[in-house]
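Architecture at a glance
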Amino acid sequence: MTTIAERARELTVTREPFVHATVVRAQDPTSARPGDDAVIRSDGSIEGFVGGVCAESSVRAAALDALRDGTALLLRVLPEGATPFPETPGARVVVNPCHSGGAIEVFLRPVLPTPALRVVGDTPISAAVATLAAFLDFDVVAADDSTGCTAVVVAGLGKGEPEAIRAALDAGVGFIALVASGKRGAALLDELGLTDAERARVHTPAGLEIGARTPAEIALAIMGEVVRAIRVDGLAPASGAPAARPQQAVDPVCGMTVLVGAETPHARVDGQDFWFCCAGCLASYTAA
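Residues numbered from 1 in each chain as written. Predicted model: local features only at pLDDT ≥ 70, side-chain atom pairs only at ≥ 80, totals over all residues. Heavy atoms only, no water.

An unreviewed UniProt entry lists the protein under the name Xanthine dehydrogenase accessory factor, from Micromonospora vinacea.

Here it is in structure tokens:
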């Protein structure tokens, strides 16, 4: 049987984002215990155990928010009528009316794939870029394939540049840095006959304007521009269409936010759909 730790390692190797949820406090009566954990994937599916169905619904909804923001979160799931916790940065309080009566705290840690960078060329500049990128914890791709890369740096200085740019564009890479003078770079892009959208993804001359001269300084300018694109502009890996965020709904009985899926309890009344955190809330609604 695969453990949660092993499953987390598998997802990390395949570069799939997920949230690792760990119960850090549990107050009876509750089915969860400190140390119980689970992984929540970007489609809202959960593997592992962090409490019953009602608590799990709150954890899944909060985990998707943590995954979107890339920020760890402490989730406090409290029973109705409990002494309230103050809302504080990095923590969220959820009152769960249909909870067992206990309280749990779950630490949600998003695990995002390390950005992958492919370097094209066999030059002092390409070597310096690869060295600096590895120091910055990028996954430097050695294979002749741009699939899944966050950025591609073309530093062949005249060798293999059109092919590398075309391949990176076809792979969906959002940031392609071409090491060339402004004049030569513009002429090369003209020859490729790129669309306006494609041309906007190719940055040449590559790098921030810092007066760089040596290969190491040029590498610093290039990686500075790449990091800015990721941290400021939201550059994402070329992984195809992102997973659709699951639809959310509010349980009309208990007021909880639930993720809508094939197994979510559901009722359709007078042409309107309602979803519930558990079968109990569905039964209460239909009985009323």
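1. A word on the environment of Val111
Within the element layout of this structure, Val111 appears in strand β6 (residues 103-111). Through-space distance from the C-alpha of Val111 to that of His20 is 7.1 Å; in sequence the pair is 91 residues apart. Setting aside its immediate chain neighbours within four residues, Val111 contacts Thr12, Glu16, Pro17 and Phe18. (Helix = DSSP H or I, 4+ residues; strand = E, 2+ residues; numbered from the N terminus. Contact = heavy atoms within 4.5 Å.)

2. Focus on the packing of helix α4 (residues 161-170) against helix α5 (residues 182-192)
Between two packed helices, what matters for the description is the angle formed by their axes and the separation of those axes. Relative to each other, α4 and α5 sit at 65 degrees, their axes nearing to 11 Å. Where α4 crosses over α5, the handedness of that crossing is right-handed. Two secondary-structure elements touch here, α4 through Glu161, Pro162 and Ile165 and α5 through Arg184, Leu188, Leu189 and Leu192. (Axes fitted to C-alpha atoms, helices over the stretch in contact; angles between N-to-C directions. Left-handed = near helix turned anticlockwise from the far one by under 90°.)

3. Considering unusual backbone geometry
The omega torsion across Thr204 and Pro205 is -5 degrees, close enough to zero to call that bond cis. Tracing the chain through its elements places Pro205 in the loop between β11 (202-203) and α7 (215-231). Positive phi outside glycine occurs at Arg15, with the angle close to 65 degrees. Taking relative accessible area as the criterion, Arg15 reaches 27% and is therefore assigned partly exposed. In this structure, Leu157 takes a positive phi of about 50 degrees despite not being glycine. Topologically, Leu157 is positioned in the loop between β9 (151-154) and α4. (Buried < 20%, exposed > 50% of the residue type's maximum accessible area, 1.4 Å probe, protein only.)

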